[in-house]
Amino acid sequence: MLYIPDFAYENHFVYKIKEGDTLKKVAEQLEVDSYSLRSYHNMRCPLDDLIEADFKPHLKFLIIESEESKIARATHRENVHFANNFKLPFTPQGLNTNYLAMYTIENGEEQHTLKEEINVKFINKDKNDFSLIEINRISQVYINGKEAGTMADELAEKTAKVFYPLQVVIDAKGELAAIYNYEDIRDRWQKVKRKVLKDFQGEVLHEALLKFEDRLQNDEIIFDSLSKDWFLKVFFNSLNIEYTQNLTIQKGIEFPLSQKTGNVSFTAEQTILPTLDAYNLINITQTGILSDARSKNDFENSLLFPEDDLEENNAEKAEGSYVAYYFLAPNTNVLESVYLECEIKLDIPQKLTIVISNIEENAKLNLSSNISFFDEEIKEKKSSIFKLFLEVITGK
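Student: I tried to follow the nonpolar core on my own but got confused; where do I start?
Tutor: The nonpolar side chains of a soluble globular protein tend to be buried with one another. One finds Ile-135, Phe-231, Phe-255 and Tyr-326 to be the most contacted residues of the largest nonpolar core, which totals 74 residues. For this core, the element with the highest residue contribution is strand 13 (residues 334-345), accounting for 6 residues. In this view, Tyr-326 contacts Val-234, Asn-237, Leu-239, Ile-282, Asn-283, Ile-284, Gln-286, Leu-335, Ser-337, Val-338 and Leu-340; residues no more than four positions away in its chain are not counted. Formed by 28 residues, the second largest nonpolar core is a distinct cluster that contains Leu-47, Leu-50, Val-323 and Phe-327.

Student: I tried to follow helix 6 (residues 203-216) on my own but got confused; where do I start?
Tutor: End to end, helix 6 covers 20 Å across 14 residues, agreeing with the expected 20 Å (1.5 Å per residue, within 8%). Among all positions in helix 6, only Leu-205, Ala-208, Leu-209, Phe-212, Glu-213 and Leu-216 are buried. Buried residues along helix 6 cover an arc of 140° about the axis, so they all sit on one side. Facing away from the buried side of helix 6 by more than 90 degrees, the exposed set consists of Glu-203, Val-204, Leu-210 and Asp-214.

Student: What am I meant to see in the pattern of salt bridges here?
Tutor: Close approach of charged atoms allows side chains of opposite charge to pair. Going through the model one piece at a time under the given rule, you end up with 14 salt bridges. Across the pair Lys-115 and Glu-52 runs a salt bridge, and its minimum N-O distance is 3.5 Å. Residue Lys-115 is found in strand 4 (residues 110-125), and its partner Glu-52 is found in the loop between helix 2 (34-42) and strand 2 (61-63); the two are separated by 63 residues along the sequence. The same class applies to Lys-115 and to Glu-52, which are both buried. Across the pair Lys-296 and Glu-316 runs a salt bridge, and its minimum N-O distance is 3.8 Å. One end of the pair, Lys-296, is in helix 9 (residues 296-300); the other, Glu-316, is in the loop between helix 9 and strand 12 (319-329), with 20 residues separating them in the sequence. Assessed through its relative accessible area of 15%, Lys-296 is described here as buried. Given the relative accessible area of 52%, Glu-316 is considered exposed. Three or more residues joined by partner-sharing salt bridges are found here, namely Glu-52, Lys-56 and Lys-115.

Definitions and limits used
Residues numbered from 1 in each chain as written. Predicted model: local features only at pLDDT ≥ 70, side-chain atom pairs only at ≥ 80, totals over all residues. Heavy atoms only, no water. Core = buried A, V, L, I, M, F, W, Y, C linked by side-chain atoms within 4.5 Å. Buried < 20%, exposed > 50% of the residue type's maximum accessible area, 1.4 Å probe, protein only. Helix = DSSP H or I, 4+ residues; strand = E, 2+ residues; numbered from the N terminus. Contact = heavy atoms within 4.5 Å. Expected span 1.5 Å × (residues − 1). Arc of directions from axis to C-beta. Salt bridge = Lys/Arg side-chain N within 4 Å of Asp/Glu carboxyl O.

By themselves, these figures tell us nothing about what the structure is for.
Set out below in structure tokens:
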């Protein structure tokens, strides 16, 4: 029987977190960039202590690299292996990895975190360099550390199971090209629907399920909806491309900040470092600014297309930013971990932070906490996850 020793911070080189410390402050103090600091800690700490946007209130120690380790690693940096014309190949053969994905949604001062565990598995590759990959949700979705605690959220959880396992076709650039198993999804729906109708009742529910079933008959609708899935969008983000000689390209990025905004356009610069980092990972950075045709007023009114003419109506231009720090495994050029932050500066600022990390096969998912998504005094003010789900499936 395999023995796995209990985790102990005493077995690591650590920094003791003091009152008032933030990730940024500690990074500046240690003269390390905050993203490398976060990545090093997250690859070694227990799941409860993973750093998202900043230190969690209970976190007492930050795992850091010793100077001796830094020197040893710096003397053995390997080059990133490109194909012809600085092309970073997409070679996912053998991939079968569990990832912990955390999504932090900020709407002004309101903040909510969703967490899920996802398995990504390579299935096959064809002669045109397209890869068939299976995506499977292997945990429940946790909302602020709690399992679905309301009937609406439980209903959304059960209904979403129709999509998994999801088989996707990924092109040579590492970008989502197609959904492969539409018929499997439709076949699963009948079983899922019977289960839902057995557990839940209501006229509104029946109408919503009928609309959902109707939309499932349309491949384009399914693809459009899943192409806005945060995990799929971040994981398959066109990283395996042909870079210029200076290893930087300019590109447009469409990112689904929220259901209300739909895809938001950014003009970004994507850069890959020529050598592996201190942790033997490939580093790719995307930094961009908002370039969407919609005005600030369009965004405030949740319009998916521009209504104001920025020049003719002298409409106020919206401001926003996009940044992503990718760390890829050098043997597959596939994501190991990523930190992504997307923001639009409105009267009530909208911000999304996504952290996805490779987790060890033997790690136990422990996402529970004492925080409840629906606080008693604000239940009526906040939209439930199921309300958002209904908006998606009914096309409203």
